Amino acid sequence: MAAILRTLNVTKRFGGLVAVDDFSFEIEEGSISSIIGPNGAGKTTFFNCITGFYTPEEGLIEFKGKQIQALRTDQVTKMGITRTYQNIRLFANMTALENILVGMHSRLKTWWPEAVIGNKRFRDEEKNALAKAQELLEFVNLKGLGDQLARNLPYGAQRRVEIARALASEPDLLLLDEPTAGMNTQESAELTDFIRNLRDESGITVLLIEHDMRVVMGISEKITVLDYGSKIAEGKPKEIQNNPKVIEAYLGRGAASGLEFSAA
Amino acid sequence: MAMLEVKNIHTYYGNIHALKGVSLHVDQGEIVTLIGANGAGKTTTLRTISGLLKPRQGTIFLNGDDLTKYPDHEIVYQGIAMVPEGRGVFSRLTVLENIELGAYSRSDRGEIEANTQRVFQMFPRLEERAKQVAGTLSGGEQQMLATGRALMANPKILLMDEPSMGLAPILVEGVFDTIVEINKEGTTILLVEQNALMALQVADRGYVIQTGEIVLNDTAENLRRNPEVQSAYLGIN
Amino acid sequence: MSTLTQPKLPTSERFSQLFGKYIYIAVGIIIVILLIGRIIFVARQESYPLSYWTFQVINGLVLGGVYALVALGYTLVYGILFMINFAHGEVLMMGGFAGFFALQYMTSIGWANGTALQSTLTIVFMMLAGMIVSVITGIVLERLAYRPLRGAPRLVPLISAIGASFFLQYTALLVFGAVPHNYRKPSVIDGVWKLGDSGIIISYTGAFIFITSILMLLGLFIIVQRTKMGKAMRAVAEDKHIAALMGIDVNKVIVFTFALGSALAGAGGVMLGLHNTVIRFNTGFLPGLKAFTAAVLGGIGNVLGAMIGSLLLGLLEALGPSALGLPTEYKDVIAFSVLVLVLIFRPSGIVGEVLSEKKA
Amino acid sequence: GGGASDAGNTGDAGDAGDAGMQEPTFGGASLADFEGAAGFVVVAPGDPIRLGASAALTGPIPEFGLDIAQSYQLGVHDVNAAGGILGHELEIDIQDGACDGDAATVVANGFAADPSIVAVAGGTCTGETFGLQPILQQAMIPHVTSSATNPKVTSEDCTVCNRVALNDDLQASVVAPYMFNELGLTQIAVMHDNGDYGLGLAELVQGYFEAAGGTVVAFEGIQVGDTDFRAALTKIAASEPEAIYFGGYATEGGLIAAQMEEVGLGEAIFFSDDGVYGQAFIDAAGAAAEGAFVSFPIGDEAAELNEAFDAAYEEMFGIAPDDQGPFHAQAYDAIALLADAIGRAAVADDAGLGYLLIERAALIEAIRATESLQGLSGVLTCNAIGDCGAGGIQIFQVQDGAFVQVSGFGMD
Amino acid sequence: MKIKDGIRAGFIALGILIYLDLIGLPKTFGSSMVVTFAVIVFLFSLFSLRTKPAEAPAPLPSVLVNGLIIGVITGLGFALITFGFASLQAQDVKVTDVFAQISHENIEALTGVDKVALREGQSVVPGLTKLAGYFILAGVLGGVITQFPASKVLHIGDEEKRSSARYWLMLALPFLLFAFFLALRIEGVDIGGSEENSFGLVLIYACIAAALFAVREVKAGVHKIGFSALIVALVLVIPQLTDLKQNAILGAVMIFVIMGIGLNIVVGFAGLLDLGYVAFFAVGAYTYALISSPESYIVVNLPWFEGLNFWAGLPIAVLLGAAAGIMLGIPVLRMRGDYLAIVTLGFGEIIRLLLLNLRDYTGGPGGILEIPSPNLFGLDLGNPKGILYLGMAFAVIVTFFTIRLRDSSLGRAWVALREDEDVAEAMGINLVAIKLMAFASGAAFAALGGTLYAARQVNIFPDNFALDVSINVLSLIIIGGIGSIEGVVLGSIALIGLPEILRSVDEYRIVAFGALLVIMMILRPEGFLPSTRRARELHEADLDSPAEFEG
Ligand SMILES: Nc1ncnc2c1ncn2[C@@H]1O[C@H](COP(=O)(O)OP(=O)(O)OP(=O)(O)O)[C@@H](O)[C@H]1O
Ligand SMILES: Nc1ncnc2c1ncn2[C@@H]1O[C@H](COP(=O)(O)OP(=O)(O)OP(=O)(O)O)[C@@H](O)[C@H]1O
Ligand SMILES: [Mg+2]
Ligand SMILES: [Mg+2]
């Protein structure tokens, strides 16, 4: 399989701080990969570089063979990358359905004068968009909750709406930033299954950041470990789990990671 | 008599009835944990105890003194300090200033100085970064700061809201080590955790809260063995 | 992986990139070059002596000093509540009126123009009267018009503040009458220094304003950075709930902030009255607007920024027209244009907010 | 505006008819011919003759507006005290024109919609007056302004437009030569408040002064509402004028005079206009007022009348008119002029039942025909385009804290 | 009910009365003010003594005592202060030097002792005793009334069930008010007193407001269509029935409706706080003036150009307005929140100052005169009625345009932008494009309003385009209910229409306007008729807690 995303020597600095340091990386199309690393290692910053929130000072980011490091966020989205956020960032006062419709924005083709006139093309497109949004809602098991305000939804549901919103833009690559943060064990397990199904059914490539080792180890085909902005290890879950560098910098005794239990 | 006694509190967010008669108690020297799913009302319980929210009904006693009659900012003077959810450090202030603010409720200069030293001893990392602006600390360091800051109030009881959230596994271990240490030094702790596994390892007793109601109440040991708790909160089936 | 080559964006993309990032810089450079060119051209043509520029700098600094006293109040309140206290100019006006009546009284008992000591005491008394009345106005304003709205979206307190501004202005019109109230400078402060033959003149009141505003800035700095109250203020600015957890009485801190800002405005009102010798119901409006502009120019919420912004604005107003060879009517056009320009290149003001720009 | 024919006087006329009284006639034509007809106003017995007024009670110069409004009230009071007009009292409906064309539009439409309004006094500002004019013209309601001095306010096209204030052109044409010839000034700076009135006058003065042979070394504007004019004055000082002529109003004028010394213009003469005349200027300028020149249309000639007026005004409103604003005399005269013209234009009914018929066209003509009417501001005579201001500009100098007339140009 | 509460209430009431005294109400309204003040005391006691719904009803004695306390404090306090002023007056001290309204008339209105008598030493005590007596009586009465069941009506019930009778009444209300208005015109009927012109206008306002509420409440479907058609018909006939002044005022209201709808796009939809909206209004007005008035610089200096008529000038003005919107939009794209507010404010001032100072081209403070008014197929629209109809037509067009945009993906993108700019961008929304679109359409509407304004005024001046226009438009969309178009209409009526009626009450008008803004924000920050979405947002923080949580 071909690499869908490649980065070469990406460096992002904040003043004197090097948040991402000469980071090269690639993921294969259709895979599920993870990035882990201590707090402040630069994981979220790396996501921000890919999605165009930040422009890296150095290095190149190539997506589906095109360079994207200088693009604006909305252009990156149009090319097929979307993301979710470490702390959920839904449009709180819009309904779940409206959130998903906004996610679809980049796929809608009509121009505003058509909306003003209200021609057939516009009406058809709106109808289709609505239908598709309902479909997505169903896909994330939230059928019937479309008219709820996003902020009134339970936390787990909000996560799923966020993912549905991300999917609405028909991405090829989905970036998830700590999708299970603040979830309890059972909820995390459900979400893990959901992500795996998503990849299996629609072939979307998934890259996630996660601190919950049960999720990471259970789902990832490849794990990359960041520390102080640079890569300290990369490989299959088993390799990472036993890598002394990773244990020292990140995993620790393993008591908190739940690995003990899953092993038991 | 229990040190902290929460009796039948009902708390609302506007029309949302978040706590539906929560009662719990914490004894001197204990670590008590409160576990539950998202939105169960754990944070709301702590906020109500610390005075940030006023219950519409119910009472909270600390050593026999009713806390609900005090405005939010006077609760800390009664001996309750809180490590808020999401750390809540003052990100534009320096580490040292954050720590000094922790002692805002006190005026015994000498004692404060000693206390600061104790916090620095417990978290040497903070002393290294004393002049740094708190917002630029890493997540784990911020958690240390929030804890250290709360200790500066010299509380009789410390409320901790998800101190391990979003931390790397190695830091999570550190946080729980600290909790045990603080407790050993004589501070009573009410701990809210999503990471029930760890919480029940360090706690003496625990409560399980579900949609605003306490549904279980037992020793930590028993809770860990409880099959319902295991499947719902510990990921064991 | 080494096959990656340098970026090749489609033309349209490249244009939009340019538009997004570089056009600002390009336009900025062009504008600055044009401005410099114009200034050089004008300087050649007009050939004002150096003393002229010095004189205008002095005028500008005094003007800036007045703005600073008001701008500091804006910035303090903004820094804590993130609201624009649109009625702050009216707080100044109330102080100005109080100072006026105090002066009238002192004149009637003969102190204003009595011995140097009496005259000095007159000024002290006026300042006190102005500050007290302004503080009362500010606190009442906070209690009635802003506190009930705390936590509401920003537009709401803004509209409330606009309402309060109209209310205060026209209340003053009704209560004190429409006619201008003219200050008579007490004798100690009535006069000018002539600097040799240079033609430069400094009025006592001008020097008084400038020095006072610097002192007030220093005082404020010490209060905010060094005292316990200052630390509490900064904590409240960041997070009111967590501040309350620390045992900080948030309402008290906010009231204190309003009182502090209002006291400065009150002092400003009296000094404005002493310097420019007139107070009317709408006296607060224009300085209020300018000071607000100055606070934003410097970076709102930032005490030092307010000072720098104010002095810069004062200097722009005084020097700008001459430097660009325009009639003085254009001073405000110049001032506002510079504001827009500065904010384009430094969207959070000259000194900037301390907030990080972290986005995601 | 046909929608508003049901005004109050209809009902009263009906009552009179019901009482079985004789139907009034005017020159043989019956009342019904005029009742509600567009060009006429019928005043029933016992009803007042109604005037409208637009005064700037809010906006940038409320103190002037209030002065004018109070003078209107006093004017009406005096007319009524002297027996009214043909047995009818005068009544005035003062609305807030806010010194703003926008507000004036509404005010004027209100008067146009009210068939009992005979004439209008005002507006205070030029913009406000321009807002009134098109509407009043359409409704054939004459107006007299007492303070709008812009030359464009009166013109051949506008038959309803009149003023008792003097045209700025006259003021400038008197003042500029006076400065050049009498005061011997050759280099002056001209300042203005960037308002319609101040700027217009300043430009005229500049023109006349240069025509007389002098040089205008600087021409600078200030902004109303500002109180610190030192930067502008510093700039002017650099061109070393012998005098500053200022077009504008008293507050700014006073401040400029006061601040001149602080920029080294202590020796230069301060010269200004009728908007500055008044106690307000002396109060604002303080000691610096001494020696300043100000032109004003009222001379010592009418001093006695003015004294009586001042006393009555203070009695009625508790403030001396000079403390309130500069245009009270003209405002008072506007009412007097309207009352006089109405007296000439109104026709009593044939049988002396107490009805009064006022033909709007006749009133418009009557105003223009005003001649030698003694007012507070001088002797009023209207010309063909409605300029009725007393015919002279006098020049005053502040001496020992009071205005002393030093020249009486243009006096008849 | 503690005694302390009564004392507090008494002093607050006294403060209000003194305020009203200082701003000169007694002087303006004469001796009737004593009674009015007593009524104020009465109402105030009623409201402050009424127990809160949750508490148990206060016993009669405690309420009575507190009523008495309120009465005594207000009565004695006010009498004492008036006595003080009167003594000063009697000694010929000029109180008006400090408090401009405390003249002899003021004292006379309150005590019945006129100036001459006062100087001759007549005592004001009897008058003041009477006054104090009134107040005390009013306070006690207020206390007594709280005990009557009828006063419970003052507690507005939590959730009134909407009965069908109420529903139909709501639908009928606009027509009833309209009928009332028609009845006024019947000869011999004199309901509104001498100010019948104003009274009629108030009825029209009430009628339109009622219609707006009803349209919102009416059930969807046939009901809605039929009802709306009736309302439209009603609105169309109104200008035929109203007089010149009423039409002129309604015309002004319409111009502000058009502008309000435009600003609503910028502030209400896209969440961009614009304090310099007047700039575009000015661009529209001056563009049209410059290319149409025979007095304008362009027409005067181009020998072959005779000036365009309204219909030719309108599109040019609107396009230039939109262009100005984009021009302002580009530099402020990166700014957020309050910086945007101050920059737009600055921009508005720059435009006004340029109009003022570029006098060779704009006529400076002298403005541009003789702007031609519109004509339609030979029909002169240059009168209040014509302008009003034209304004209504424009408002309809603008509304249509706005609603269509709001319901498209662009509309959703604006909401997303307002909620979270970064995330919106990450959804593939081109922020530049949609922000500029918001600025451009908002500006175009303002320019449309400006053109109409210029045609209505005939003469325009830079002063017409000062900051207060921006503030008015912003206030009206917020008071009306942000994000909603009905809200804009209602806001325009409340903030533009109503004050016009009060024009003869001069300065009190603006004091009341200011107070209204403050009170409104406290009691109903989402405005009268908000869009449901905005109402939700504004109540986000409305929590049952001492200090609200925002997130
Ligand atoms: N806008 C910014 N300005 C300055 N420093 C920043 C900014 N954004 C991130 N940083 C710093 O860059 C480093 C990397 O941050 P990042 O958020 O990428 O960490 P992370 O790996 O996602 O950590 P966590 O697991 O805690 O989310 C941190 O030290 C952070 O403080
Ligand atoms: N500020 C708020 N406004 C409205 N409702 C709220 C607010 N905060 C919490 N809630 C609601 O109150 C209930 C309890 O929330 P709480 O935050 O106490 O849960 P929690 O147990 O702490 O969950 P988590 O594990 O996510 O922190 C939830 O239903 C939540 O939606
Ligand atoms: Mg992160
Ligand atoms: Mg929680």
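These lines cover the structure that appears in this document, whether it is placed above or below.

Conventions adopted
Residues numbered from 1 in each chain as written. Chains lettered and ligands numbered in written order. Predicted model: local features only at pLDDT ≥ 70, side-chain atom pairs only at ≥ 80, totals over all residues. Heavy atoms only, no water. Near = heavy atom within 4 Å. Polar contact = N/O pair within 3.5 Å; in protein donor to acceptor, adjacent residues only side chain to side chain. Areas by Shrake-Rupley, 256 points an atom, 1.4 Å probe, with all protein chains shown as cover. Helix = DSSP H or I, 4+ residues; strand = E, 2+ residues; numbered from the N terminus. Nonpolar A, V, L, I, M, F, W, Y, C, P; charged D, E, K, R; others polar. Donors = N, O, S within 2.8 Å, 3.2 Å for Na, K, Ca; no water. Buried < 20%, exposed > 50% of the residue type's maximum accessible area, 1.4 Å probe, protein only. Expected span 1.5 Å × (residues − 1). Contact = heavy atoms within 4.5 Å. Buried area = accessible area lost by both parts, 1.4 Å probe. Salt bridge = Lys/Arg side-chain N within 4 Å of Asp/Glu carboxyl O. Pairing = 2+ DSSP bridges. Disulfide = S-S within 2.5 Å.

## What about the site of ligand 2?
Taken together, 16 residues lie around ligand 2, and B:Gly39, B:Lys42, B:Thr43, B:Thr44 and B:Glu85 are the ones closest in. More than one chain lines the surroundings of ligand 2; the residues nearby belong to chains B and E. B:Thr43 is positioned such that a nitrogen or oxygen atom in its side chain is 2.5 Å from an oxygen atom of ligand 2. Protein chains shield 75% of the accessible area of ligand 2, which is 630 Å² for the free molecule. It is helix α1 (residues 42-49) of chain B that provides the largest number of residues to the shell around ligand 2, a total of three residues. Class assignment for the residues of the shell around ligand 2 results in six nonpolar, seven polar and three charged.

## A short note on the coordination of the magnesium ion (ligand 3)
Residues and elements named next belong to chain A. Around the magnesium ion (ligand 3), the protein contributes the donor atoms Thr44 (OG1) and Gln86 (OE1), at 1.9 to 2.3 Å from the metal centre. Of this pair, Thr44 sits in helix α1 (residues 43-50) while Gln86 sits in the loop between β6 (81-83) and α3 (96-103), and the two are 42 residues apart along the sequence. Under the relative-accessibility criterion, Thr44 is labelled buried at 16%.

## Focus on the coordination of the magnesium ion (ligand 4)
Residue and element names in this part refer to chain B. Every protein donor of the magnesium ion (ligand 4) is listed here as Thr43 (OG1) and Glu85 (OE), and their distances to the metal cover 1.8 to 2.3 Å. One end of the pair, Thr43, is in helix α1; the other, Glu85, is in the loop between β6 (80-83) and α2 (95-102), and 42 residues separate them in sequence. A residue is classified by how much of its surface remains accessible, and Thr43, at 14% relative accessible area, is buried. Given a relative accessible area of 34%, Glu85 falls into the partly exposed group.

## What about helix α5 (residues 168-182) of chain D?
Turn by turn, an α-helix covers 3.6 residues, leaving residues three or four places apart pointing in a common direction. The end-to-end C-alpha separation of α5(D) is 20 Å, in line with the 21 Å expected for 15 residues at 1.5 Å each. When we look at burial in α5(D), the residues that qualify are D:Asp168, D:Gln171, D:Ala172, D:Val174, D:Val175, D:Ala176, D:Tyr178 and D:Met179.

## Overview of the interface of chain D and chain C
Taken together, the 35 residues of chain D in the interface contact 34 residues of chain C. Carbon and sulfur atoms make up 52% of the area that chain D and chain C hide from each other, which totals about 2,800 Å². D:Asp226 is the partner of C:Lys331 in a salt bridge, and the nearest nitrogen-oxygen pair spans 2.6 Å. Those elements that provide at least two residues to the side of chain D that touches chain C are α2 (62-81), β10 (215-221), α7 (230-237), α8 (250-260), α9 (279-285) and α11 (321-324) of chain D. Of the residues in the side of chain D that touches chain C, the class split is eleven nonpolar, 14 polar and ten charged.

## With respect to the interface of chain C and chain E
Counting residues at the interface gives 57 residues for chain C, matched by 58 residues for chain E. A buried area of about 5,000 Å², summed over both sides, lies between chain C and chain E, and 76% of it is on carbon and sulfur atoms. Counting across the interface, chain C meets chain E through one salt bridge. For C:Glu329, the salt bridge is made with E:Arg359, and the minimal N-O distance between the two is 3.1 Å. Applying the counting rule to chain C against chain E returns six residue pairs in polar contact (both at pLDDT 80 or more).

## A closer look at the sheet that holds strand β1 (residues 3-14) of chain A
All names here are of chain A. Taken in spatial order, the four strands make up an open sheet running β2-β1-β4-β5, and their pairing is antiparallel. Only two strands of the sheet have a single neighbouring strand rather than two, namely β2 (17-28) and β5 (66-67). Across five bridges, β1 lies against strand β4 (residues 58-63) in antiparallel orientation. Directly across from Thr7, in β4, lies its bridge partner Ile61.

## A short note on the site of ligand 1
Near ligand 1 there are 16 residues, and of these A:Gly40, A:Lys43, A:Thr44, A:Thr45 and A:Gln86 occur at the shortest range. Neighbouring residues of ligand 1 are not confined to one chain but are distributed across chains A, B and C. With respect to ligand 1, the side chain of A:Asn39 contributes an N or O atom lying 2.9 Å from an oxygen atom. Side-chain polar atom of A:Thr45 to an oxygen atom of ligand 1: 2.5 Å apart, as the coordinates give it. When the free accessible area of ligand 1 is taken as 630 Å², the share hidden by the protein chains comes to 83%. For the shell around ligand 1, the secondary structure elements donating two or more residues are β2 and α1 of chain A. Examining the composition of the shell around ligand 1, we find that three residues originate from one element, α1(A), more than from any other. A per-class count over the shell around ligand 1 returns five nonpolar, eight polar and three charged.

## As for the state of the cysteines
All names here are of chain D. In the structure shown here, the tally under the stated rule is three disulfides over all chains. A sulfur-sulfur distance of 1.9 Å marks the disulfide that ties Cys99 to Cys125. Between Cys99 and Cys125, the disulfide has an S-S torsion of -105° and is therefore left-handed. On the criterion of sequence distance, the pair formed by Cys99 in the loop between β5 (90-96) and α3 (101-113) and Cys125 in the loop between β6 (117-122) and α4 (126-139) is long-range, its members being 26 residues apart. Given the relative accessible area of 17%, Cys99 is considered buried. By relative accessible area, which is 8% here, Cys125 ends up buried.

## Quick word on the arrangement of the chains
Most contacts, when the eight pairs of chains in contact are compared, are made between chains C and E. The smallest C-alpha distance separating chain A from chain D is 34 Å, and no contact links them. Without any contact between them, chain B and chain D keep their closest C-alpha atoms 38 Å apart.

## Structural notes on the environment of E:Leu358
Considering the arrangement of structural elements, one finds E:Leu358 in the loop between α15 (337-357) and α16 (359-362). When the C-alpha positions of E:Leu358 and E:Ala248 are compared, they lie 31 Å apart, and in sequence the two are 110 residues distant. Once you skip the residues sitting within four places of it in the chain, E:Leu358 turns out to touch C:Tyr330 and E:Gly363.

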